[in-house]
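Remarks on the overall topology
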Amino acid sequence: MDAEEFRHWSHKAADWGADYRETLRNRPVRAQTRPGDIIRQLGETPPEAGESMETIFADFERIVPDGLTHWQHPRFFAYFPANAAPASVIADYLVTSIAAQCMLWQTSPVATEMETRVVDWLRQAMGLPDSFSGVIHDSASTATLAAVLVMREKALGWKGNSDGLAAHAPVRVYASKQVHTSIDRAIWISGIGEANLVRIPTKGPLNGMDPEALDAAIQADREAGFIPAGVIACTGGTSIGACDPIDAVAEVVRRHGLYLHVDAAWAGSAMICPEFRTLWQGVDAADSVVFNPHKWLGAQFDCSVQFIRNPAEQVQTLAIQPEYLKTHGHDGIINYSEWSVPLGRRFRALKIWFLLRYHGLEGLRTMIRNHVTWSAELCERLAAEPDFEIVSQPVLSLFSFRHKSSGDADQHTIALVNAINDDGRIYLTQTRVDGRIAIRFQAGQSEMTREDALAAFDVITEVARKMG
Ligand code: PLP
């Protein structure tokens, strides 16, 4: 493709993107296709001869939009958001055109130095102490895996990578049942094994881990010959926003000399607002904290930041330096691939740089505060309806509810979620709370307005009452 054709189709793609964003409100939020609808439209064999961009682009417009669930739709209330603020999208266009592989400082110095700078901007924005450095990963799952590998290595005297786990007593990690499944996966992949992920009971209105039970579990494990390695706490669990009491947990962790990783993948964005920081009070004492700017903050997916108290430990765990990756003559520079699991790295710092500069922290704080307010308003309105019950109270902008029914409650709730999503005006998902299904609502899409929250009330009550 020559430069003129590349320019033409890049403009076309940018125009398509702007039109798409402008007309999103007219589309059903969740894809309304059936399994197989899309694959039937895609040729079964690869093209032998090249095709024109006209043909490819026309097929894109014909096939792709209908197969999308629209994460940038203002009435996307499912899961957690994956916001892509236009400023960060533009940065990502540039990154895609540049297409640098930023594994080492010398493979694109600007990517490394900008990463150092914007991670520190985020640290300041979130009120974390300057004892934290940080790194950008693709996902919170990867960041948590890195943290689990570090806690495992530390606990094994830095011998796990070399000896394997069979040479040692089992390593133990502690977390509540409210943590995201990325924690289980990190435990599997690190070889620690699910059997050694010790679940600590929770208590209180925030469903946080019980620090006394944590203390007792660590003590009992030591006496039984296990090797306690670390604790994974959460601020803003995925199901109902559970928050562990980080200060009390950190105290136990310190006393036992373990490693503390905090998963704030979703709720971390809200910490740019000082009034929400009580939810993770004591986080200064963590060894590692992950949050996803690609969720609520608006950095185009994917973008996950891990703050680290002692990066040397992470480098000791993950760095490998074959001759072909050495950068002779540059002592003391950072090579972020030594802080993360994959070697290859995208230039993710640019979208954070564009995002923070375009909106400013004040713009992003306003967005987050609005979402929290509108979610609380919707929760109050549903609570006032006699045929609805609130299952979990709002934590930031997340709460869960149920529509009362005389039949099987779980079946009714699932049927209601499906009916709401088939309707298409809003998108919600379900979770399980104390063994029973509930519907989750989270407000978080960047373009959402108060009217969208009001529309959610209308759709939920209308569809539920139609079902009876
Ligand atoms: N932690 C929490 C609390 C989450 O809600 C999620 C995903 O929603 C994750 C971790 C995993 O995030 P990622 O998709 O970036 O791996």
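Below you will find a few notes about this structure. A quick note: this is a predicted structure, and the numbers were derived from the prediction, not measured. (Residues numbered from 1 in each chain as written. Predicted model: local features only at pLDDT ≥ 70, side-chain atom pairs only at ≥ 80, totals over all residues. Heavy atoms only, no water.)

**Observations concerning the packing of helix α13 (residues 409-423) against helix α14 (residues 450-467)**
Interaxial distance between α13 and α14 falls to 10 Å at its minimum, and their mutual angle equals 120 degrees. The angle between α13 and α14 falls in the class oblique. Relative to α14, α13 is oriented so that their crossing is right-handed. Packed against α13, whose contacting residues are His-412, Ala-415, Leu-416, Ala-419, Ile-420 and Asp-423, the element α14 presents Val-459, Ile-460, Val-463, Ala-464 and Met-467 at the interface. Tallied by class, residues from the contact of α13 with α14 come to 9 nonpolar, 1 polar and 1 charged. (Axes fitted to C-alpha atoms, helices over the stretch in contact; angles between N-to-C directions. Helix = DSSP H or I, 4+ residues; strand = E, 2+ residues; numbered from the N terminus. Parallel < 35°, antiparallel > 145°, perpendicular 65-115°, else oblique. Left-handed = near helix turned anticlockwise from the far one by under 90°. Contact = heavy atoms within 4.5 Å. Nonpolar A, V, L, I, M, F, W, Y, C, P; charged D, E, K, R; others polar.)

**Brief notes about the packing of aromatic side chains**
All chains considered together, the criterion is met by 17 aromatic pairs. Judged by centre distance (5.1 Å) and plane angle (10 degrees), the rings of Trp-16 and Tyr-20 are stacked. With Trp-16 and Tyr-20 both in helix α1 (residues 3-22), this residue pair falls 4 residues apart, about one helical turn. Plain terms: the ring middles of Phe-291 and Phe-307 are 6.2 Å apart, the flat faces sit at 0 degrees to each other, and that makes the pair stacked. Residue Phe-291 is found in strand β8 (residues 288-291), and its partner Phe-307 is found in strand β9 (residues 304-308); the two are separated by 16 residues along the sequence. (Phe/Tyr/Trp six-rings, centres within 6.5 Å; stacked < 30°, edge-to-face > 60°.)

**With respect to the side chain of Glu-338**
For Glu-338, the position within the fold is in the loop between α11 (311-318) and α12 (349-383). Judged by relative accessible area, Glu-338 falls into the buried class, the value being 14%. Looking at Glu-338, its side chain comes within polar contact range of the side chain of Gln-321, at 3.0 Å. Once you skip the residues sitting within four places of it in the chain, Glu-338 turns out to touch Gln-314, Val-315, Leu-318, Ala-319 and Gln-321. (Buried < 20%, exposed > 50% of the residue type's maximum accessible area, 1.4 Å probe, protein only. Polar contact = N/O pair within 3.5 Å; in protein donor to acceptor, adjacent residues only side chain to side chain.)

**Let's talk about the environment of His-412**
Inspection of the secondary structure puts His-412 in helix α13. Using a relative accessible area of 10% as the deciding quantity, one classes His-412 as buried. Once the C-alpha coordinates of His-412 and Ala-464 are considered, the two residues, 52 residues apart in sequence, prove to be 9.4 Å apart. Not counting the four nearest positions on each side in its chain, His-412 is found in contact with His-403, Lys-404, Ser-405, Met-467 and Gly-468. Polar side-chain contacts of His-412 include one of 2.8 Å to the side chain of His-403.

**Details of the sheet that holds strand β12 (residues 429-433)**
Backbone hydrogen bonds are what pair the strands of a sheet, in a parallel or an antiparallel way. Pairing is antiparallel across the open sheet formed by 4 strands, whose spatial order is β10-β11-β13-β12. Looking at the sheet topology across the chains shown, the edges are occupied by β10 (388-395) and β12. Ignoring strand direction, the axes of neighbouring strands in this sheet form an average angle of 35 degrees. The pairing of strand β11 (residues 398-403) with strand β13 (residues 436-442) spans 4 bridges and is antiparallel. The residue bridging Leu-398 from the neighbouring strand is Gln-442, located in β13. Sitting on the sheet, α12 touches β10, β11 and β13, and the angle it makes with β10 is about 160 degrees. (Pairing = 2+ DSSP bridges.)

**Side note on helix α5 (residues 140-155)**
Compared with an ideal rise of 1.5 Å per residue, which puts 16 residues at 22 Å, α5 spans 22 Å between its outermost C-alpha atoms and is within 8% of the ideal. The element α5 is extensively covered by neighbouring structure, given that 13 of its 16 residues are classed as buried. (Expected span 1.5 Å × (residues − 1).)

**What about the site of the ligand?**
Of all residues adjacent to the ligand, which total 13 residues, the nearest are Ala-140, Ser-141, Thr-238, Asp-263 and Asn-292. Interatomic distance of 2.8 Å between a side-chain N/O atom of Thr-238 and an oxygen atom of the ligand. Contacts to the ligand include Asp-263, whose side-chain N or O atom sits 2.6 Å from a nitrogen atom. In isolation the ligand has 400 Å² of accessible area, and contact with the protein removes 86% of it. Secondary-structure elements contributing two or more residues to the shell around the ligand are α5 and α10 (293-297). A class-by-class count of the residues in the shell around the ligand yields 3 nonpolar, 8 polar and 2 charged. (Near = heavy atom within 4 Å. Areas by Shrake-Rupley, 256 points an atom, 1.4 Å probe, with all protein chains shown as cover.)

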